[in-house]
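For reference, the chains in residue letters:
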Amino acid sequence: MACTFCQIANGSIPSKFVHSDERVIAFRDIRPQAPTHILVCPRQHVDSLWELEDELLAGQLLSVCARVAREAGLEQGWRLIANTREHAGQEVQHLHLHVLGGRPLGRMLSG
Ligand code: AMP
Ligand code: ZN
């Protein structure tokens, strides 16, 4: 099994979790794009948000994102990103949500 985030979830790649429960883990991105850059993902393999059908799990993932942002002290604001499939440049094919903050992030959408 070659999925990096499955290996992180099952402990075969040692990793320090900033959150861990039965269904969801969170850990720091190895190439941080901001002072806080945390990845939140399901323990169970799901390729991307496109394939996510479990609505309870969707809520749990979102809830962990908000919790790790609060715990990281991101009261000035933060951003959630889910790169999904080719056009979004998804590199790791295991669903993960990026929690970014700790600096002004600029606007991504204008108009
Ligand atoms: P993307 O699939 O484009 O949403 O991005 C994948 C993210 O995973 C990138 O920001 C990588 O830096 C990050 N990443 C890849 N491998 C690891 C790893 N072993 N531990 C932590 N972060 C990783
Ligand atoms: Zn996986």
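Structural data are supplied above this passage.
In short, a report on the structure. (Residues numbered from 1 in each chain as written. Chains lettered and ligands numbered in written order. Predicted model: local features only at pLDDT ≥ 70, side-chain atom pairs only at ≥ 80, totals over all residues. Heavy atoms only, no water.)

## As for the overall build of the protein chain
Phase 1: Assigned secondary structure in the protein chain consists of two helices and five strands.
Phase 2: The helix and strand sequence of the protein chain, counted from the amino end, reads α-β-β-β-α-β-β.
Phase 3: For the protein chain, the spread of C-alpha atoms along the three principal axes comes to 40 × 30 × 30 Å.
Phase 4: Here the analysis covers contacts within the protein chain between residues at least 6 apart in sequence; of these, 57% occur between residues at least 24 apart.
Phase 5: Accessible surface, the protein chain as shown: approximately 7,100 Å² in total, 52% of it carbon and sulfur. (Helix = DSSP H or I, 4+ residues; strand = E, 2+ residues; numbered from the N terminus. Contact = heavy atoms within 4.5 Å. Areas by Shrake-Rupley, 256 points an atom, 1.4 Å probe, with all protein chains shown as cover.)

## Looking at the state of the cysteines
Phase 1: Tallied over the entire structure, the rule returns zero disulfides.
Phase 2: Note on Cys 65: no disulfide assigned, nearest cysteine sulfur contributed by Cys 41 at a separation of 10 Å. (Disulfide = S-S within 2.5 Å.)

## A few points about the coordination of the zinc ion (ligand 2)
Phase 1: Protein coordination at the zinc ion (ligand 2) comes from Cys 3 (SG), Cys 6 (SG), His 45 (ND1) and His 94 (ND1), with a distance range of 2.0 to 2.3 Å.
Phase 2: Geometry at the zinc ion (ligand 2) is tetrahedral, judged from the four donor atoms that bind it and their angles of 105 to 118° at the metal.
Phase 3: Counting gaps between the donor residues of the zinc ion (ligand 2) yields the pattern C-x2-C-x38-H-x48-H. A single burial state applies to Cys 3 and to Cys 6, both of which are buried. (Donors = N, O, S within 2.8 Å, 3.2 Å for Na, K, Ca; no water. Tetrahedral: all angles 85-135°; square planar, octahedral: opposite > 155°, others 65-115°. Buried < 20%, exposed > 50% of the residue type's maximum accessible area, 1.4 Å probe, protein only.)

## Comments concerning unusual backbone geometry
Phase 1: Unusually for a residue other than glycine, Arg 85 sits at a positive phi of about 70°.
Phase 2: Its place among the elements puts Arg 85 in the loop between strand S4 (78-81) and strand S5 (97-101).
Phase 3: Under the relative-accessibility criterion, Arg 85 is labelled partly exposed at 36%.

## Regarding the sheet that holds S5
Phase 1: In spatial order, the strands read S1-S2-S3-S5-S4; together these five strands make up an open sheet with antiparallel pairing. Two strands close off the open sheet at either side, each with one partner strand: strand S1 (17-20) and S4. Strand-to-strand twist of the sheet, defined as the mean angle between neighbouring strand axes without regard to direction, takes the value 20°.
Phase 2: Bridging between S1 and strand S2 (residues 24-28) involves three bridges; their strand directions are antiparallel. Directly across from Phe 17, in S2, lies its bridge partner Phe 27.
Phase 3: Running over the sheet, helix H2 (residues 55-71) touches S1, S2, strand S3 (36-42), S4 and S5 and is turned about 160° from S3. (Pairing = 2+ DSSP bridges. Axes fitted to C-alpha atoms, helices over the stretch in contact; angles between N-to-C directions.)

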